[in-house]
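# An overview of the molecular structure
Each chain, written out:
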Amino acid sequence: MEAEAERLVGHGKRGERRDGKVELFVDEIIEGYVGSFGFSQLLHVILVSLAWMFDSQNALVTIFSDTQPSWRCLDSSCSSDNPFCELKPESWEWVEGKESSIVAEWNLICDHKFRAGIPASLFFLGSLFGSAVHGNLADLYLGRKKTVLLSCLLTSFTAFLTSLAPNLWVYALLRFLNGFARSGIGICCLVLTTEAVGRKRRGQVGQCGFFFFTVGFLSLPLMAYPTRHSWRTLYKLISLLPLVYSLLVLPFISESPRWLALKGRPEEAMKVLNKYAKLNGRTLPVNLAVSSPSEHEQSEDLVESLWSKSWATKRLIKVMAAGFGIGFVYYGTQLNVENLHFNLYASVVLNALMEVPAVVIGTVLLSFTNRRLLFSMSAFIAGISSVLCVVFDSGKKSKSMGNWAQLTWEGVGFMAASTAFDVLYIYSVELFPTNLRNIAVSMLRQALMLGATIAPQLVILGRLRPALSFQVFGILAVFSGLVTFGLPETRNAPLYDTLEQQEKDEKLHSVSDQEIQLGK
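So, here's what we can say about the structure. (Residues numbered from 1 in each chain as written. Predicted model: local features only at pLDDT ≥ 70, side-chain atom pairs only at ≥ 80, totals over all residues. Heavy atoms only, no water.)

## What about the overall build of the chain?
Within the chain, the regular secondary structure consists of 21 helices and four strands. Sequence separation of at least 24 residues holds for 81% of the intrachain contacts in the chain that already meet a minimum separation of 6. Surface exposure of the chain reaches about 21000 Å², of which carbon and sulfur atoms provide 64%. (Helix = DSSP H or I, 4+ residues; strand = E, 2+ residues; numbered from the N terminus. Contact = heavy atoms within 4.5 Å. Areas by Shrake-Rupley, 256 points an atom, 1.4 Å probe, with all protein chains shown as cover.)

As structure tokens, then:
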């Protein structure tokens, strides 16, 4: 261990204090003493990632609650071949009853059909604003764990209130608040898990959260089918889970040691690292201490923020531009399943199942593939698949060969969009330092949610022209893949604590690479 300490001495900002203790960065302690990824981190990652289920349930519940449900004729004057809005009101009825969705209950059809997309758009708009607030809370004030707790409790409360909405406009407002509340779950859970492991396992750990997001997605049809006669009951069900998680699971989760060290609380950071080491079957040297960035580095970075450095600004703009496109495609494709002319529950299950290979593929490829290349290729595949959905659109509701081909390409495109979505999150975590990492990820989340905010209106328009939605998805997916060109690669790169530290180290590596090339 002492030899390892001497080896690590030259790689970070540390020194021997007057009390005889040797200071190392959290990253160095994890890599050299705690273990890059042991049982303690595995348990930590699983417990934290469970919260992703509530994130997906609240984001995607509108697939069932806001859809246009099936209807049937009641007399001979009605025909399913007639334009829907030309039928007499008394000649037809909703199959599952008027409370099966908000469309049925509040008559959001014909001249009012575009109102049906307003709640979903406001939900993602709320997520956009909430991402900024939760990102700042997690980085500057509460930390990662307390922000997750706050987000889960507010998500539970707003989901329950949504089930009591008396009309469309109250419902839309509550969806906005629910989106605002849930936005802290994904960004904080991702950062909280990746900051607890070594650099070589960050990609796989980041994918763990997306696996549980998929589990939440898969659970929706299982909850929606028994409650298909009442969308209000569905909301009450999804409101219970984050409350239970907050009370029974979160108390056993530790705060990020990196954040604690950054906030001048090295003793607390050391306690967390000792806890990890003990569960991993290791013991930290008694003379080891956590090194925190200097007050100058912390205050300078927080005042200047991300926008003060031209390299960081350009990097963030590219990430957000890519996020807008892929967020539009990822969420839009999920909401667009009703325009595939297949059974809604089967289509949702298929899309949810396609997230499983997306997570597996991403997990495997992230261990040896460059992040930038993997994201771009996934985005391109999503774009091409969306265009092929237009080619194979038969325009009929029968299960013809054309429909099956379209469904297949839609599934492939969604899988690729899901992979790109996951990789972009992990990529952004590695592109920015600890003291501003949550803020940067929250700004990516805002871009993702901005795309998702517009997508529901395209889905409503897709009820009239299904090909249009797939054409837009294809264009935006390819745009997202192109815009990331020029970003630096981060595979196996360290997680920096401050912008100043990151800038110095990246310049040093850049000079070294140039010298190597000149030497050749």
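Next comes the rest of the description.
## A word on a nonpolar patch on the surface
A surface patch of nonpolar side chains, about 500 Å² in accessible area, is lined by Phe-37, Phe-39, Leu-42, Leu-43, Ile-46 and Leu-279. Here the nonpolar patch gets four residues from one element, more than from any other, and that element is helix H3 (residues 39-49). In this structure, Phe-39 sits in helix H3. (Patch = residues over 30% accessible without salt bridge, like charges linked within 9 Å, V, L, I, M, F, W, Y side chains within 5 Å. Salt bridge = Lys/Arg side-chain N within 4 Å of Asp/Glu carboxyl O.)

## Quick look at the pattern of salt bridges
Summed over the entire model, instances satisfying the criterion amount to 10 salt bridges. Across the pair Asp-55 and Arg-182 runs a salt bridge whose closest N-O atoms are separated by 2.8 Å. Residue Asp-55 is found in helix H4 (residues 52-60), and its partner Arg-182 is found in helix H9 (residues 168-194); the two are separated by 127 residues along the sequence. Taken individually, Asp-55 and Arg-182 each receive the classification buried, so the pair is uniform in this respect. Taken together, the shared-partner salt bridges connect Asp-55, Arg-182 and Arg-445 into one network. (Buried < 20%, exposed > 50% of the residue type's maximum accessible area, 1.4 Å probe, protein only.)

## Considering the side chain of Ser-100
Relative to the helices and strands, Ser-100 is located in the loop between strand E3 (92-94) and helix H6 (102-105). A polar atom in the side chain of Ser-100 sits 2.8 Å from the backbone oxygen of Gly-97. Setting aside residues up to four positions removed in sequence, Ser-100 forms contacts with Phe-64, Pro-69, Arg-228, His-229, Ser-230 and Trp-231. (Polar contact = N/O pair within 3.5 Å; in protein donor to acceptor, adjacent residues only side chain to side chain.)

## Some thoughts on helix H15 (residues 310-335)
The end-to-end C-alpha separation of H15 is 37 Å, in line with the 38 Å expected for 26 residues at 1.5 Å each. With 19 of 26 residues buried, H15 is to be regarded as a mostly interior element. (Expected span 1.5 Å × (residues − 1).)

## Quick notes on the nonpolar core
Ile-63, Tyr-331 and Tyr-425 are the most contacted members of the largest nonpolar core, which has 120 residues in total. Considering every element that reaches this core, the biggest residue donor is helix H18 (residues 401-431), with 14 residues. If sequence neighbours within four positions are ignored, Tyr-425 has contacts with Ile-187, Leu-190, Phe-210, Val-441, Leu-444, Arg-445 and Leu-448. Counting 19 residues, the second-largest nonpolar core is a separate cluster that includes Val-26, Tyr-33, Trp-259 and Leu-288. (Core = buried A, V, L, I, M, F, W, Y, C linked by side-chain atoms within 4.5 Å.)

## Things to note about unusual backbone geometry
Although it is not a glycine, Asn-107 sits at a positive phi angle of roughly 55°. Relative to the helices and strands, Asn-107 is located in the loop between H6 and helix H7 (118-141). Given the relative accessible area of 43%, Asn-107 is considered partly exposed.

## What about the side chain of Asp-27?
With respect to the element layout, Asp-27 can be found in helix H2 (residues 26-34). Given the relative accessible area of 9%, Asp-27 is considered buried. Every residue in contact with Asp-27, bar those within four places of it in the chain, is listed here: Arg-199, Arg-258, Pro-494 and Leu-495.

## Describing the packing of aromatic side chains
One pass over the structure, following the stated rule, counts 26 aromatic pairs. An angle of 90° between the planes, with centres 4.9 Å apart, marks the rings of Trp-92 and Trp-94 as edge-to-face. Summarising the burial analysis for this pair, Trp-92 and Trp-94 share the class buried. Summarising the aromatic geometry, the rings of Phe-328 and Phe-473 are spaced 6.0 Å apart at their centres and angled 65° between planes, so their arrangement reads as edge-to-face. With a gap of 145 residues between them, Phe-328 in helix H15 and Phe-473 in helix H20 (residues 466-483) connect regions that are remote in the sequence. Among the aromatic residues, those joined into a ring-pair cluster are Trp-52, Phe-123, Phe-124, Phe-210, Phe-213, Phe-217, Tyr-330, Tyr-331, Phe-414, Phe-421 and Tyr-425. (Phe/Tyr/Trp six-rings, centres within 6.5 Å; stacked < 30°, edge-to-face > 60°.)

## A word on the environment of Ser-163
Mapped onto the secondary structure, Ser-163 falls in the loop between helix H8 (144-162) and H9. A sequence separation of 73 residues divides Ser-163 from Lys-236, and the C-alpha atoms of the two residues are 6.2 Å apart. Within the structure, the side chain of Ser-163 is placed 2.5 Å from the backbone oxygen of Phe-160, a separation counted as a polar contact.

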